Amino acid sequence: MNNNQKASEVEPQTNDQNNKNPTVENIQQLGQNSTLQAESNIFCMTIIGQVEGHMVLPPQNKTTKYEHIIPQLVAAEQNAKVEGILIILNTVGGDVEAGLAIAEMISTMSKPTVTIVLGGGHSIGVPIAVSSDYSIIAETATMTIHPIRLNGLVIGVPQTFEYLDKMQERVVKFVTEHSNITEEKFKELMFKTGELTRDIGTNVIGSDAVKYGLIDTVGGLSEATMELNKKIDEYRQTKNGGMVQ
Amino acid sequence: MIMYSIVPLDDIIEGIENNEPSQEIELDGVIMQVQPMNSYQARIVRLISPNPQDYLNPAYSPGQTIYFHPHIET
């Protein structure tokens, strides 16, 4: 009986896909589904590919535009229908300033936030992954922690090293402040040799990220929604002055 | 600008000088940057709007196509 019901529910959806489905089109065009469903109290945001910042990247890059993500976060914070934000990460990194801007926005939201790392949350994806109230990593997902490399407009003077060190310190500080990893451990992972073939650093996989204190738990969608719903309940209670509804 | 990514910088910026120019237009009171595809169509590149709710409108999301309708002024 149940199975029959499910089958009949699934069928119209496959028919819909033949028509122009705005969500599918969004994903095809943008790699992102930013449609806010009226019936959902969760705002789901995906951060995929390169985090695009001050420079428009050529079309071979799949990018997440930060100037679009930031107002969306503002809208989600302001919109009364949205009660929680789920951020899904599968990113190879990107612009330091753009990534830190997104991370700061997420960490300062009043509504409950949960991040889930699927596939990869590399480089600047690390601060974004730890910026939420609760972070989850899929068992097979990886996070590459490596030093910031020299690029952009750089002149070869001793001060360059100092500048780079300062840039790196911003990332290290954010990550250590928003997760349980210590600065020593994070830097140890960052400067480890012999782990990566083309760079120094560490590839942290699933449970290792939890072991180092970087991420809260290993899990998937059910853990994410369960945690978010729990936090939404707590949020409602504090909003209603401790009254249980 | 510093890129912090596992993808080599050369691969990221390859072909950056071929970037097509975009222009600003106003549609329904929202300013947006669009990239013309032909005389009748353009693709939205980014929104420039002070209203955060505009960024949640799927019709305005980057990658969407907008259409120009030519008409003869009488």
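Residues numbered from 1 in each chain as written. Chains lettered and ligands numbered in written order. Predicted model: local features only at pLDDT ≥ 70, side-chain atom pairs only at ≥ 80, totals over all residues. Heavy atoms only, no water.

Notes on the overall build of chain B
Across its full length, chain B carries 1 helix and 5 strands. Its helices and strands in sequence order give chain B the pattern β-α-β-β-β-β, from N to C terminus. At 16 Å, chain B has a C-alpha radius of gyration far larger than the 11 Å of a compact globule built from 74 residues. Structurally, chain B occupies a C-alpha span of about 55 × 30 × 20 Å along its principal axes. Buried positions account for 36% of the 74 residues belonging to chain B. (Helix = DSSP H or I, 4+ residues; strand = E, 2+ residues; numbered from the N terminus. Rg over C-alpha atoms; globule rule 2.2 N^0.38 Å. Buried < 20%, exposed > 50% of the residue type's maximum accessible area, 1.4 Å probe, protein only.)

Focus: the interface of chain A and chain B
Taken together, the contact between chain A and chain B spans 46 residues of the former and 29 residues of the latter. Taken over both partners, the interface formed by chain A and chain B buries close to 3400 Å², and the fraction arising from carbon and sulfur atoms is 60%. On inspection of chain A and its partner chain B, the count reaches 1 salt bridge. When the shortest N-O distance is used, the salt bridge between A:Glu67 and B:Arg46 registers 2.4 Å. Our enumeration of links across chain A and chain B arrives at 15 residue pairs in polar contact (both at pLDDT 80 or more). Every element with two or more residues in the side of chain A that touches chain B is listed here: helix 2 (22–30), strand 1 (42–52), helix 3 (66–78), strand 3 (84–95) and helix 6 (158–178) of chain A. A total of 7 residues in the side of chain A that touches chain B trace back to one element, the largest contributor, which is helix 3 of chain A. (Contact = heavy atoms within 4.5 Å. Buried area = accessible area lost by both parts, 1.4 Å probe. Salt bridge = Lys/Arg side-chain N within 4 Å of Asp/Glu carboxyl O. Polar contact = N/O pair within 3.5 Å; in protein donor to acceptor, adjacent residues only side chain to side chain.)

Quick look at the packing of helix 6 of chain A against helix 7 (residues 183–190) of chain A
Residue and element names in this part refer to chain A. One way to put it is that helix 6 packs onto helix 7 with a least axis distance of 10 Å and a crossing angle of 130°. In terms of orientation, helix 6 lies oblique with respect to helix 7. Seen from above, helix 6 lies across helix 7 with right-handed handedness. Mapping the contact onto sequence places Gln-168, Glu-169, Val-172, Val-175 and Thr-176 in helix 6 and Glu-183, Phe-186, Lys-187 and Met-190 in helix 7. Here the residues of the contact of helix 6 with helix 7 sort into 4 nonpolar, 2 polar and 3 charged. (Axes fitted to C-alpha atoms, helices over the stretch in contact; angles between N-to-C directions. Parallel < 35°, antiparallel > 145°, perpendicular 65-115°, else oblique. Left-handed = near helix turned anticlockwise from the far one by under 90°. Nonpolar A, V, L, I, M, F, W, Y, C, P; charged D, E, K, R; others polar.)

Considerations on the sheet that holds strand 3 (residues 30–36) of chain B
Residue and element names in this part refer to chain B. Strand order in the open sheet formed by 4 strands is 2-3-4-5, with antiparallel pairing between adjacent strands. The sheet is open, and its two borders are formed by strand 2 (23–27) and strand 5 (65–67), each paired with just one other strand. Ignoring which end each strand starts from, the neighbouring axes of this sheet average 50° apart. The pairing of strand 2 with strand 3 spans 5 bridges and is antiparallel. Bridge pairing in strand 3 places Ile-25 opposite Met-32. (Pairing = 2+ DSSP bridges.)

Thoughts on the pattern of salt bridges
Should their charged atoms come close, side chains of opposite charge can pair. All names here are of chain A. Scanning the model with the defined rule gives 12 salt bridges over all chains in all. Among the ionic pairs, Glu-183 bridges to Lys-187, the shortest N-O distance being 3.3 Å. In this pair, Glu-183 and Lys-187 are both assigned in helix 7, 4 residues apart and thus about one turn of the helix distant. Judged by its relative accessible area of 35%, Glu-183 falls in the partly exposed class. Residue classification places Lys-187 among the partly exposed residues on the basis of a relative accessible area of 28%.

Some remarks on helix 9 (residues 221–239) of chain A
All names here are of chain A. Counted at 1.5 Å a residue, the expected span for helix 9 with its 19 residues is 27 Å, and the 26 Å between its end C-alpha atoms agrees. Here helix 9 has its buried residues at Ala-224, Glu-227, Leu-228, Lys-231, Ile-232 and Tyr-235. Each buried residue of helix 9 sits inside an arc of 140° when the element is viewed along its axis, so together they form one side. In the core, the buried residues of helix 9 are packed alongside strand 1, strand 3, strand 4 (113–121) and strand 5 (134–137). (Expected span 1.5 Å × (residues − 1). Arc of directions from axis to C-beta.)

Looking at the confidence of the model for chain A
Looking at chain A as a whole, its pLDDT mean stands at 84, while 81% of the residues score no less than 70. Across residues 4–18 of chain A the pLDDT falls below 50, and counting only partners more than four positions away or on other chains, this stretch makes 1 contact in the model. (pLDDT = per-residue confidence, 0-100.)

Focus: the pairing of strand 4 of chain A
Note on strand geometry: in a regular strand, side chains alternate between the two faces of the sheet. All names here are of chain A. For strand 4, the buried fraction is high: 7 of the 9 residues fall into the buried class. Of the pairings in the sheet, the one linking strand 3 to strand 4 comprises 6 bridges and is parallel in character. In the strand pairing of strand 4, Thr-91 is matched with Gly-121. Viewed along the sheet, the connection from strand 3 through helix 4 (residues 96–107) into strand 4 turns out right-handed. Sheet analysis places strand 4 next to strand 5, joined by 4 bridges and oriented parallel. Following the sheet pairing, Ile-116 is matched in strand 5 by Ile-136. Taken together, strand 4, helix 5 (residues 125–130) and strand 5 constitute a β-α-β crossover, and its handedness is right-handed. (Right-handed = clockwise from strand over helix to strand, strands pointing away.)

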